[in-house]
Amino acid sequence: MPLPPAMYMNRLLSLKGRLLSGLLMTWLVVLALLLAFGWQSGTSLLEASNRAHLRYEARVIADELTDQVETRLKGLQRLAGSLQAQQRQGASRLGDALRGNDALLEWFDGLLVADAEGAIQAAWPHRRRLQGVEIADRDYFRSVRAFRRPHVSEPIRGKASGAPQVLFAVPRLDEAGRFQGLVGGIVRLDSGLFGRLDRLRLGQEGFAAVISASGTFLSHPDRKHIFTDVPDAAFNPLLDLALDGWEGEGQGPLLSGGDAYHAYRQIWPADWVVGVALPRDQVMAPLQRWLERLGGKALLVAALMLPLTSWLLWLALRPLFQLERQIAAVGEGRRSRVALSTRMQELRQVADTFNRVEVERGKALAQLKDRQAFLDAILASSPVGMFVTDTVGNIDFMNPALVELTGHAEAQQRQREWLGHIHSDDRLSALDLWQYSMVSGEDFLQQFRYYRQGGDQLWLEVHASRVETDGETLGFVGTVKDITARREEEALRQWEAEHDPLTGLLNRRGFERRLEEALADCRKTGTSSVLILFDLDHFKPINDQGGHALGDEMLRRIARVVAREVRQSDHVARQGGDEFAVLLPSCTHAQASRIAESLREAVREITVSHRGQEYRVTLSLGVASLEETDQRIAEAIGRADAASYAAKRQGRDRVVIHPALA
Ligand SMILES: Nc1nc2c(ncn2[C@@H]2O[C@H](COP(=O)(O)OP(=O)(O)OP(=O)(O)O)[C@@H](O)[C@H]2O)c(=O)[nH]1
């Protein structure tokens, strides 16, 4: 089954993989260097040997052509000497003399004799075509006449035949050394002189060419170049040098394209240059083939070596793998130490160091375990609830006291779980402070209501601090106190401070605080609130005749009835003795009158009895509103009090509205 790419990558990056890749890379680099070195050396060798070969070939060809040119010129000189005797006997005798030298036609394609003015006097074998043709305008004629030395012409087109040719010319001189004309031998460029060169082959594509000093091809294996000029000097500087008389070897381009090694030699008697060329591709081809074969074999060897190298590496690394397995076993607790049987000094040192570190680690772990046992005991026996959270606020640990307190058996809770147990009114502020503490690192100290398992509500005080080591936050530890009793006691004290213990209604202090609030609201928003003050009529006889307890009972009943008659949001108070007060926030005057009246009627229905005697009381009620202009509540109380007093004066059991309200 094929391995997934990640596994291949893991294998490649393993120690064995890296070593194997390294060896392979080294082998490839060595191979590349060997091939490069082989190419370099082979190129130098081939270049040197081929240059030597070309030098030799060029010299042989040049020597042979020089020999042939000299032989031909000598032949013509001999003919010129023999023609001197027949000169006086006329052109017909000259023609005969030429005909008598047929042997020269082995070397020349034609012979001619010209007089001192450049008129052809006799020719053979093209007697008729050349007879009388003027050659005085030809360079070779001028040169022979001027220097009176043998001369080989530049390539020319024959005046009679029109064929490309060169003319070998020697002067005809009389006894006094005066110029009498010349004897010329015509050599056609497509004739035998260069025939051997056409057939010459150096390797598969090497060849030789002959060029005149003026740069015209006399011989070239590609016939279309014959009688054409060589390219300009920039094309092949070596050839340009050779045309100026230089001899030597070098590298240059070919007319057919590509690069080649060239060798040049001079044929001095004819002022010609022999060039021998060998294309570089042809020279390098064997080396290239050899290197390709060598490279292929080396790669094959590398491929075959791969499994062997892999196996050898496995053998070499086996102790390391053994060490790795043993370390894993120590880590998993399956063995206590590593024990290697290897002669590798370094690995033995690693194993020894590991064993030493492992012993120290064991000691440290034992110490930690002891300390942990102490800590666990402290946490377990602590009556204070304790917890540990991670850095994001999830509880990792709760001690038994906290589990007992909250009733949540699971000692680990995610943040949203423990937040969910907090009273909804307190949850948001607790969360805000908790998040602030986590960000800022400041202690978390908060009291909130908390629902323990089963639904009972507790008041908890939680104090948590951040735990850090080396600047890194590990989490939070905290303590939890049950402050339910304290909070209830405080609440009771708060209630008692503002309530009348006999009736459970607000007392004067509690009532006045609410009255202050209502006045502030009135002054701020203009909301009208109404104050009712009333006093019991003829209460004293109940006390006097029925006793204080009966009076208390009457007060309690009145309190219940009054509280029932008003809205939940209204405030009812016993101001002291038999005086009561009602605050009706956001109440109209008409509503207030109706309420006062209903109170009067309800209370008069209350009866208490003692020894068969029924007792009732009535109310004298005074109604006044809170005014925006009131600076203090005493002003409103004064108005209501005055109205109540007026009700009392007017005969009791009635409601009097303060004039300001009426
Ligand atoms: N049982 C009882 N009586 C109280 C309490 N506080 C005050 N009293 C009595 O309430 C009575 C109030 O006196 P008054 O207002 O003069 O008596 P009254 O008979 O209602 O007189 P008028 O208001 O003029 O009708 C007194 O007898 C007080 O002793 C209390 O807490 N319990």
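Above: the structure in question.
Keep in mind that this is a model prediction, so the values were computed, not measured.

Focus: the site of the ligand
Link 1 in the chain: In the neighbourhood of the ligand, 17 residues make up the surrounding shell, with H538, N543, D552, R574 and R652 lying closest.
Link 2 in the chain: In this structure, D535 approaches the ligand through a side-chain N or O atom, which is 3.3 Å from an oxygen atom.
Link 3 in the chain: Measuring from an oxygen atom of the ligand, one finds a backbone N or O atom of F539 at 3.0 Å.
Link 4 in the chain: In the complex, 69% of the free accessible area of the ligand, which totals 650 Å², lies under the protein chains.
Link 5 in the chain: Of all the elements, helix α16 (residues 548-565) adds the most residues to the shell around the ligand, at four residues.
Link 6 in the chain: Classifying every residue of the shell around the ligand gives four nonpolar, five polar and eight charged.

Brief notes about the sheet that holds strand β22 (residues 618-625)
Link 1 in the chain: Within the open sheet, the five strands sit side by side as β18-β19-β17-β22-β23. Their pairing is mixed. The sheet terminates laterally at β18 (571-576) and β23 (654-657), the two strands that pair on one side only. The sheet shows a mean angle of 20° between the axes of neighbouring strands, taken without regard to direction.
Link 2 in the chain: As paired elements, β22 and β23 share four bridges and run parallel to each other. Following the sheet pairing, G622 is matched in β23 by V656.

Overview of the pairing of strand β16 (residues 472-482)
Link 1 in the chain: Looking at chain direction, strand β12 (residues 385-389) and β16 are connected through five bridges and run antiparallel. Looking at the pairing, T389 lines up with F476 of β16.
Link 2 in the chain: Two elements, strand β15 (residues 457-469) and β16, share ten bridges in a ladder whose sense is antiparallel. Counterpart to L460 in the pairing with β16 is D482.
Link 3 in the chain: In this antiparallel pair of consecutive strands, β15 and β16, the connection spans two residues, and D470 shows a positive phi of 50°.

Rules of the game
- Residues numbered from 1 in each chain as written.
- Predicted model: local features only at pLDDT ≥ 70, side-chain atom pairs only at ≥ 80, totals over all residues.
- Heavy atoms only, no water.
- Near = heavy atom within 4 Å.
- Polar contact = N/O pair within 3.5 Å; in protein donor to acceptor, adjacent residues only side chain to side chain.
- Areas by Shrake-Rupley, 256 points an atom, 1.4 Å probe, with all protein chains shown as cover.
- Helix = DSSP H or I, 4+ residues; strand = E, 2+ residues; numbered from the N terminus.
- Nonpolar A, V, L, I, M, F, W, Y, C, P; charged D, E, K, R; others polar.
- Pairing = 2+ DSSP bridges.
- Axes fitted to C-alpha atoms, helices over the stretch in contact; angles between N-to-C directions.

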